[in-house]
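# Tertiary structure, described
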Amino acid sequence: EEQLVESGGGLVQPGGSLKLSCAASAFTFNRSAIHWVRQAPGKGLEWVGHIRSKTRDYATGYAASVKGRFTISRDDSQNTAYLQMNSLKIEDTALYFCTRPQNGGFDPFWFDPWGQGTLVTVAS
Amino acid sequence: QAVLTQTPSVSGAPGQRVTISCTGSSSNIGAGYDVHWYQQLPGTAPKVLIFGNSNRPSGVPDRFSGSKSGTSASLAITGLQAEDEADYYCQSYDPSLKIWMFGGGTKLRVL
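Residues numbered from 1 in each chain as written. Chains lettered and ligands numbered in written order. Predicted model: local features only at pLDDT ≥ 70, side-chain atom pairs only at ≥ 80, totals over all residues. Heavy atoms only, no water.

### Comments concerning the pattern of salt bridges
- Scanning the entire structure with this criterion turns up seven salt bridges over all chains.
- The closest approach of N and O atoms between aspartate 84 of chain B and arginine 63 of chain B, which form a salt bridge, is 2.8 Å. Residue aspartate 84 of chain B is located in the loop between β7 (72-77) and β8 (86-94), and its partner arginine 63 of chain B is located in the loop between β5 (47-50) and β6 (64-69); the two are separated by 21 residues in the primary sequence.
- The class of aspartate 84 of chain B is buried, set by a relative accessible area of 2%.
- Taking the shortest distance from any N to any O, the salt bridge between aspartate 87 of chain B and lysine 107 of chain B comes out at 3.1 Å. Note that aspartate 87 of chain B is positioned in strand β8 and lysine 107 of chain B in strand β10 (residues 106-110), a separation of 20 residues in sequence.
- Each of Arg38, Glu46, Arg69 and Asp92 of chain A takes part in a single network of salt bridges with overlapping partners. (Salt bridge = Lys/Arg side-chain N within 4 Å of Asp/Glu carboxyl O. Helix = DSSP H or I, 4+ residues; strand = E, 2+ residues; numbered from the N terminus. Buried < 20%, exposed > 50% of the residue type's maximum accessible area, 1.4 Å probe, protein only.)

### A few points about unusual backbone geometry
All names here are of chain A.
- Following aspartate 107, the chain continues into proline 108 via a peptide bond in cis, with omega recorded as 5°.
- One can find proline 108 in the loop between β9 (94-102) and β10 (110-114).
- Along the chain, aspartate 112 connects to proline 113 via a cis peptide bond; the corresponding omega equals 0°.
- Backbone geometry places tyrosine 58, a non-glycine residue, at a positive phi of 55°.
- Structurally, tyrosine 58 can be placed in the loop between β5 (45-51) and β6 (60-62).
- Relative accessible area serves as the criterion here: at 36%, tyrosine 58 is assigned to the partly exposed category.

### A closer look at the nonpolar core
- Of all hydrophobic cores here, the largest spans 65 residues; its most connected members are Ile34, Trp36, Leu83, Met85 and Tyr96 of chain A together with Trp37 and Tyr88 of chain B.
- Residue contributions to this core peak at five residues, all from β8 of chain B. (Core = buried A, V, L, I, M, F, W, Y, C linked by side-chain atoms within 4.5 Å.)

### Quick word on the pairing of β5 of chain B
All names here are of chain B.
- Pairing geometry for strand β4 (residues 36-40) and β5, over three bridges, is antiparallel. Looking at the pairing, glutamine 39 lines up with lysine 47 of β5.
- The loop that links β4 with its antiparallel partner β5 comprises six residues; one of these, glycine 43, has a positive phi angle of about 75°. (Pairing = 2+ DSSP bridges.)

In structure tokens, the structure reads:
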């Protein structure tokens, strides 16, 4: 069964940095894009960004709310994707999920599976 | 701010039918992009409920169905059960914004 496990969340002060990890198993990681989605407490889902595979030149894309502050990377040898978060703001407080797109002939792809999420709290 | 609009909450008694709508625009759903639906039970990660507008993954009961028309999509749940109480999100893509989008979510309460 495909699985994604996030880690690295915690409490950080405004303006600080944090790096999240997303460890994958049971699928061909190096052929898959990885997306990050976050959910602020009591709020809905917000797409954060994604990284494509090597064959797609590891292209990345970000939501406007995080562009220039967040960077997504990956290490295919470790089956792990990362979300580097800099210049954190209070409004970045959220549960951060990683997920992968499923290609079933639809556009866009849908997301499955999802990790359990890792909580990032930005507070002084 | 969600680009796809969902009614914040719906409710129904056990056994009843409810529908949840997801309204986009001519630049996303109306441009032909597919819609997927997720169910998020309290304290858990989202799980795909409907993919490609109207397809159910294996294991999802046929009480759940999806449709798409024009710039909107709908999720219907028949024979409501207590375990259906959850948050439901639609998802699509907007090429003009170059973002994957989720609706704001609909909280379903089973009375």
